[in-house]
Amino acid sequence: MESFPAETGVREPTLAEDPALGLTQRAKLEILGAVLLGLFLVALDQTIVGTALPKIVTALGGNDLYTWVVTIYLLTSTITVPFYGKLSDIYGRRPMLMIGISLFLVGSALSGLSQEMWQLILFRGIQGLGAGALFPIALAVIGDLFTPAERGKYQGLFGAVFGISFLIGPGLGGFLTDNVGWHWIFFVNIPIGIVSLAVIWRLLPTIKRSDASRNLDYLGAIIFTIGIGFLLVGLTNKQTGDWGDWFVGGFILIGLALSALFVLAESRAREPIVPLDLWRNRTYVSSILSTFFVSFGFFGAIIFLPRWFQVVRHESATSSGYLIFPMLIGLIGSSIVAGALVSRTGRYKAIVLSGLVSMTAGIALMTQLRADTEYPALFLWMFVAGLGIGPTLSVFTIIVQNAVPFSKLGVATSNLTFFRQIGGSVGLAIAGTLFGQALTDQLPAQTNKVFDSMAAAAPAGAGPQIQQFQAAFNQAITSGQGIDLNNQTGVGQSFGEAILGQVPAAFQGFFQPFVPQFDGAFNSAMSLAIAQTFWLGVGATVLGLVAAVFMRELPLRRSHSPEQAEAGASVGTI
């Protein structure tokens, strides 16, 4: 085990430079518990709302606004992340974290009281405004309380919080919705949030940097908000539209153009929201890029597993959530172990690279997914992928916080969170496109086998008519003018019944016995399409691995000393 060299010749940091100075270990752990509770709120809310949303829409009406309940939360929570990080560096973590939790609780209470869909959408937006603060500032608080050398022991708990929320969220959401009422999926946040607020208010010091400029970059803030808004809405619209649609491709292009303009504005700002000098730090840049690609691959690929369980294997929504338990076991365990290893050894590059290799291998194994894949094999593949995902959730935060000056810890942490969320959004949009095209390509090959069986069993003289219908059917599928495949990928749909509805009445009696075979053909095509989509995850994680290879491993600091922080940051500069 490598020991850390003792620092000599450095002055003792002031309270403003080290918010943990003077706090007992017990106080630190109480603050850590409160921060984890705040994170648990956000993570649990996402899994609970997803389970209950169909019944909420049924109760409030407005099915055409269904996606905006999720989109508005994604927008407000993502856009506000860099602002909270910057403001916490200037005004301190405590006020920003308390504002974030308070907004989240207010949004939760109002969402539970919603009587119409537009109200729910508005109040979910308020929830998102608060959620944008919780993850980056919570991670920054850990950076304040513990030095990088200590941090790994506690950082892994953040991955565990998200894993636990995925375990209990679907069941709790279903129970509350079915037995108490959907309103309580929002009200349940309030007592947890109040406890978290009370501990943070009582114990977390309010530290303001005396040297921080209060000249906020308002122009950059406006450009960033509008640009990322267009980008996220365009990516969200991709789930139901084509790249060529104005509300998809047009919005994305506007978002990218404004993002370029934002970089120009930041280069001239006196106090930029995103300091561009951080991008000269090789360790910081490689960590940000690797995190982006990991999220791209993870969210773009794994999102299809619950759908596969529900559509192909006819599992319930709740059961499909619990069937990804093997992945969560690997994720939670490796997140905690990786953090502990970083603290014990002071090394992190090998841990990150090993995790990315494991994640790549796990997703590559899932490219073998078929309709008849046995659960034990799939569970093993998910576990291997989870083992790799865990370290990326805990260790990259330690790496970034160790690589930047202490004065920029908040903004650096928020940038990591921001690119993780953007990577997931981009991955989802591209994965959805690849899945749709793969399904269209695979379906004729699978249904042709059924048509061949029909032709063999057809009465004399019926063969040509079956072939004619088969050709028309395949043309309709490949041209997109036939059966709506988006609808067929929903739960409880029968592809065979959809085909039967298009068969001439005189032949429906003959077609009826083949309905189960057409359903099986669709399940095979869908499984193969999902398997092809996993290659996107493999490619993305390989890019994340390449980015991590170029990372420069810096010694973990054992204090918050400004001299040591600046020295570490300069070593990591390109």
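It should be emphasised that the depicted structure is a prediction, and the values quoted were computed from it without experimental measurement.

Thresholds, definitions, all that
- Residue indices begin from 1 for each chain and proceed along its sequence in written order.
- In view of the model being predicted, local features appear only for residues whose pLDDT reaches at least 70, and side-chain atom pairs are presented and counted only at 80 or more, with totals across whole chains, interfaces and linings using the full set of residues.
- The side-chain quantities take in all heavy atoms of the structure and omit both hydrogens and water.
- Criterion for a salt bridge: a side-chain nitrogen of Lys or Arg within 4 Å of a carboxyl oxygen of Asp or Glu.
- Buried residues are those whose accessible area, probed at 1.4 Å on protein chains only, stays under 20% of the maximum for their type, while exposed residues exceed 50% and partly exposed ones sit between those limits.
- What counts as a helix is a DSSP run of H or I of at least four residues, what counts as a strand is a run of E of at least two, and both are numbered from the N terminus.
- Only rings of Phe, Tyr and Trp enter the pairing, Trp through its six-membered ring, and a pair is recorded when the two centres are within 6.5 Å. The plane angle decides the type: under 30 degrees is stacked, over 60 is edge-to-face, the rest tilted.
- Every definition here rests on a 1 Å grid over the protein atoms only: cavities are sets of points where a 1.4 Å probe fits but cannot get out, pockets are open sets enclosed by protein on both sides within 12 Å along at least five of seven lines, and lining residues have some atom within 4 Å of a point.
- Grid points are joined across faces, edges and corners, and a volume is the space filled by probe spheres set on the points.
- All residues other than Ala, Val, Leu, Ile, Met, Phe, Trp, Tyr, Cys, Pro, Asp, Glu, Lys and Arg, Gly among them, are scored as polar; the first ten of these are nonpolar and the last four charged.
- Fitted lines through C-alpha atoms serve as axes, helices being fitted only where they are in contact, and the angles separating the N-to-C directions of these axes extend from 0 to 180 degrees.
- Throughout this description, any angle smaller than 35 degrees is read as roughly parallel, any larger than 145 degrees as roughly antiparallel, any in the 65 to 115 degree range as roughly perpendicular, and the remainder as oblique.
- The criterion used for residue contact is that any of the two residues' heavy atoms lie within 4.5 Å.
- A helix's residues, less one, multiplied by 1.5 Å, set its expected span.
- Pairs of N or O atoms are called polar contacts if they sit within 3.5 Å, as long as, within protein, a hydrogen donor faces a hydrogen acceptor (for residues adjacent in sequence, only side-chain-to-side-chain pairs).
- Excluding any residue in a salt bridge, patches collect residues exceeding 30% relative accessible area, merging like charges within 9 Å and nonpolar Val, Leu, Ile, Met, Phe, Trp and Tyr side chains within 5 Å.
- Every accessible area reported is derived by Shrake-Rupley at a probe size of 1.4 Å, with residue values counting cover from the shown protein chains alone.

Draft legend 1. Structural detail: the pattern of salt bridges. All chains considered together, the criterion is met by 8 salt bridges. Here Asp89 ties to Arg93 by a salt bridge, and the two come within 2.8 Å at their closest N and O atoms. Of the two residues, Asp89 and Arg93, neither departs from the other in class, the shared state being buried. With its nearest N and O atoms 2.8 Å apart, the salt bridge here joins Asp144 to Arg93. Of the two residues, Asp144 sits in helix α5 (residues 117–145) while Arg93 sits in helix α4 (residues 93–112), which places them 51 residues apart along the sequence. You'll find Asp144 and Arg93 in the same group, each marked buried. When salt bridges that share partners are traced, they join Arg26, Glu30 and Arg202 into one network.

Draft legend 2. Main features of the packing of aromatic side chains. Applying the stated criterion across every chain, the model contains 19 aromatic pairs. Summarising the aromatic geometry, the rings of Phe83 and Phe224 are spaced 5.6 Å apart at their centres and angled 80° between planes, so their arrangement reads as edge-to-face. Residue Phe83 is located in helix α3 (residues 81–91), and its partner Phe224 is located in helix α9 (residues 218–237); the two are separated by 141 residues in the primary sequence. Taking 5.6 Å as the distance between ring centres and 35° as the angle between the ring planes, the aromatic pair formed by Tyr375 and Phe379 counts as tilted. Separated by 4 residues within a single helix, Tyr375 and Phe379 lie in helix α16 (residues 375–403), roughly one turn from each other. Judged by relative accessible area, which is 17%, Tyr375 ranks as buried.

Draft legend 3. Layout of the layout of surface pockets. Here the second largest pocket is characterised by a volume of approximately 470 Å³. Along its surface, the second largest pocket is lined by 24 residues, and Ile228, Ser259, Val263, Phe418 and Phe419 are the ones closest to its centre. Secondary structure elements with two or more residues in the lining of the second largest pocket: α9, α10 (246–268), α11 (282–302) and α17 (409–457). Of all the elements, α10 adds the most residues to the lining of the second largest pocket, at 6 residues. Looking at the lining of the second largest pocket residue by residue, the classes come out as 20 nonpolar, 3 polar and 1 charged.

Draft legend 4. Looking closely at the packing of helix α6 (residues 148–179) against helix α14 (residues 325–345). Where α6 meets α14, the axes come as close as 6 Å, and the angle between the chain directions of the two elements is 170°. Between α6 and α14, the crossing angle belongs to the class labelled roughly antiparallel. Contacts between α6 and α14 involve Ala149, Glu150, Arg151, Gly152, Lys153, Gly156, Gly159, Ala160, Gly163, Ile164, Phe166 and Leu167 on the former and, on the latter, Phe325, Leu328, Leu331, Ile332, Ser335, Ile336, Gly339, Ala340 and Ser343. Tallied by class, the residues present in the contact of α6 with α14 amount to 11 nonpolar, 7 polar and 3 charged.

Draft legend 5. Expanded view of the environment of Phe187. Along the polypeptide, Phe187 turns up in helix α7 (residues 184–187). A C-alpha to C-alpha distance of 9.0 Å links Phe187 and Leu110, two positions 77 residues apart in sequence. With near-sequence residues (within four places) excluded, Phe187 lies in contact with Ala109, Gly112 and Leu113.

Draft legend 6. Geometry of helix α2 (residues 66–79). With 14 residues, α2 ought to run about 20 Å at 1.5 Å a step, and its terminal C-alpha atoms sit 21 Å apart, in line with that. The complete set of buried residues in α2 reads Val69, Thr71, Ile72, Tyr73, Leu75, Thr76, Ser77, Thr78 and Ile79. Looking at the buried residues of α2, the elements they touch are α1 (25–60), α3, α4, α5, α9 and α17.

Draft legend 7. Region of interest: α10. With 23 residues, α10 extends 32 Å from end C-alpha to end C-alpha; this agrees with the ideal 33 Å at 1.5 Å per step. Among the residues of α10, those classed as buried are Val248, Gly249, Gly250, Phe251, Ile252, Gly255, Phe262, Ala265 and Glu266. Considering only its buried residues, α10 is in contact with α9.

Draft legend 8. Looking closely at unusual backbone geometry. In this model, His314 sits at a positive phi of 60°, which is unusual for a non-glycine residue. Relative to the helices and strands, His314 resides in the loop between α12 (304–311) and α13 (317–322). We classify His314 as exposed; its relative accessible area is 62%.

Draft legend 9. Here's a closer look at the side chain of Arg93. Classification of Arg93 by relative accessible area gives buried; the value is 9%. A polar side-chain atom of Arg93 sits 2.8 Å from a polar atom in the side chain of Asp144. With sequence-adjacent residues up to four places away left out, Arg93 is seen in contact with Ser88, Ile137, Ala140, Val141, Asp144, Leu409 and Gly410.

Draft legend 10. Representation of the environment of Val426 within the structure. Its place among the elements puts Val426 in helix α17. Judged by its relative accessible area of 18%, Val426 is buried. With sequence-adjacent residues up to four places away left out, Val426 is seen in contact with Leu235 and Phe296.

Draft legend 11. Seen up close, the environment of Ser343. Mapped onto the secondary structure, Ser343 falls in helix α14. Remark: the alpha-carbon pair of Ser343 and Tyr154, spanning 189 residues in sequence, is separated by 9.3 Å.

Draft legend 12. Geometry of a nonpolar patch on the surface. On the surface, Phe325, Ile329, Leu380, Phe383 and Leu387 cluster together into a nonpolar patch covering about 410 Å² of accessible area. Elements with a minimum of two residues in the nonpolar patch: α14 and α16. With respect to the secondary-structure elements, Leu380 resides in helix α16.

Draft legend 13. Expanded view of the side chain of Glu271. With respect to the element layout, Glu271 can be found in the loop between α10 and α11. Owing to a relative accessible area of 14%, Glu271 belongs among the buried residues under this scheme. Within the local environment of Glu271, its side chain forms a polar contact with the side chain of Lys86, the two groups lying 2.7 Å apart.

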